[in-house]
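In case you want the letters, here they are:
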Amino acid sequence: MRKSLVTLAFLSSSIFSTVGHAGDWTGPYVGAHGGWSDWSLARPDDPTSPTQSIDGAFGGLQIGYDYQFPSNIVLGALADVSIGNLDNNPITDGGTIMVHSDLDAFGTLRGRLGYSFGHILAYATGGGAWVNGSTTEDCPPNAQFGHCSRVGAYSETDDFTRWGWAYGGGVEMQIVDNVSLFAEYLRLDFGTETHNLGPKSNDREVAIDDVDVVRAGINFKFGHRETTASLK
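Draft legend 1. The nonpolar core, seen in detail. Counting residues in hydrophobic clusters, the biggest one holds 18 residues, and the most contacted among them are Trp39, Leu103, Phe106, Leu188, Phe190, Ile208 and Val213. At the level of secondary structure, the elements contributing two or more residues to this core comprise β1 (27-42), β2 (52-68), β5 (98-116), β6 (120-139), β7 (154-176), β8 (179-189), β10 (204-208) and β11 (211-221). In contact with phenylalanine 106, other than residues within four places in its own chain, are Trp39, Phe58, Val81, Ser82, Leu86, Trp130, Val131, Leu188 and Val213. Ile97, Val99, Cys139 and Cys148 belong to the second-largest nonpolar core, a separate cluster that totals six residues.

Next up, the structure:
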């Protein structure tokens, strides 16, 4: 998490050092982003099993809509998808079993509430999240003890989609009327689910509830509104 916060601080300072132009935040937008994420996959049903730590870079796209009221409050909604080659080196599961996980893609569908300081928008955000990935369990041949010695060699995989929550905050700066740069931090929580990898594997409870995401990106706004509504 420390690495994620340091990265966010650097990205935020880079945005604030850019000279921008004041403008209206109302309108639809599309954009692209890149960043870094840290994931933790734990076994609540087996405290002796080591936690899988996965981190890596990712990139993706986003689409959204914002509305700015005369009070400078900004309400919006956005959806994003991120793709990266996020995996961990196989680890032993307290014995001879080897465990390996891959995370192929993740995304969010969020609202955001912010305040406009002219060309700078500070906001909080929250909503739903999803992740696609897989968990693989391997037993080596000729194991001398434990589960692998009883069932023999195998390799079984469970491909999964998990649903959870996302929350965080960020800053965005307009650099010209229809182009803005942003940096944000998100915390993701997907809870605990049981994975059934196959007939030889043990059912595995996997908790994904310790995910830090930092990213920066660019948005291109299109459309223009003529009037504003008041927000009392």
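Draft legend 2. Representation of unusual backbone geometry in the model. Backbone geometry places asparagine 72, a non-glycine residue, at a positive phi of 75°. Relative to the assigned elements, asparagine 72 resides in the loop between β2 and β3 (73-87). Judged by relative accessible area, asparagine 72 falls into the partly exposed class, the value being 27%.

Draft legend 3. Quick look at the side chain of threonine 26. Its place among the elements puts threonine 26 in the loop between α1 (2-16) and β1. Take threonine 26: its relative accessible area is 3%, and that puts it in the buried class. A distance of 2.8 Å separates a polar side-chain atom of threonine 26 from the backbone nitrogen of glutamine 68.

Draft legend 4. Representation of the state of the cysteines in the model. According to the stated counting rule, one finds one disulfide in the structure shown. With a sulfur-sulfur separation of 1.9 Å, cysteine 139 is cross-linked through a disulfide to cysteine 148. In this structure the cystine formed by cysteine 139 and cysteine 148 twists about its S-S bond by roughly -75°; its chirality is therefore left-handed. In this pair, the class of cysteine 139 matches that of cysteine 148, namely buried.

Draft legend 5. Structural detail: the pattern of salt bridges. For the structure on display, the rule yields nine salt bridges. The partner of glutamate 193 in a salt bridge is arginine 162, and the shortest N-O contact between them spans 3.6 Å. Linking glutamate 193 in strand β9 (residues 192-195) with arginine 162 in strand β7, this pair joins segments that are 31 residues apart in sequence. On the basis of relative accessibility, which here comes to 33%, the residue glutamate 193 falls in the partly exposed class. By sharing partners, the salt bridges in this structure join Asp80, Arg110, Glu184 and Arg215 into a single network.

Reading the values: rules and limits
- Residues numbered from 1 in each chain as written.
- Predicted model: local features only at pLDDT ≥ 70, side-chain atom pairs only at ≥ 80, totals over all residues.
- Heavy atoms only, no water.
- Core = buried A, V, L, I, M, F, W, Y, C linked by side-chain atoms within 4.5 Å.
- Buried < 20%, exposed > 50% of the residue type's maximum accessible area, 1.4 Å probe, protein only.
- Helix = DSSP H or I, 4+ residues; strand = E, 2+ residues; numbered from the N terminus.
- Contact = heavy atoms within 4.5 Å.
- Polar contact = N/O pair within 3.5 Å; in protein donor to acceptor, adjacent residues only side chain to side chain.
- Disulfide = S-S within 2.5 Å.
- Salt bridge = Lys/Arg side-chain N within 4 Å of Asp/Glu carboxyl O.

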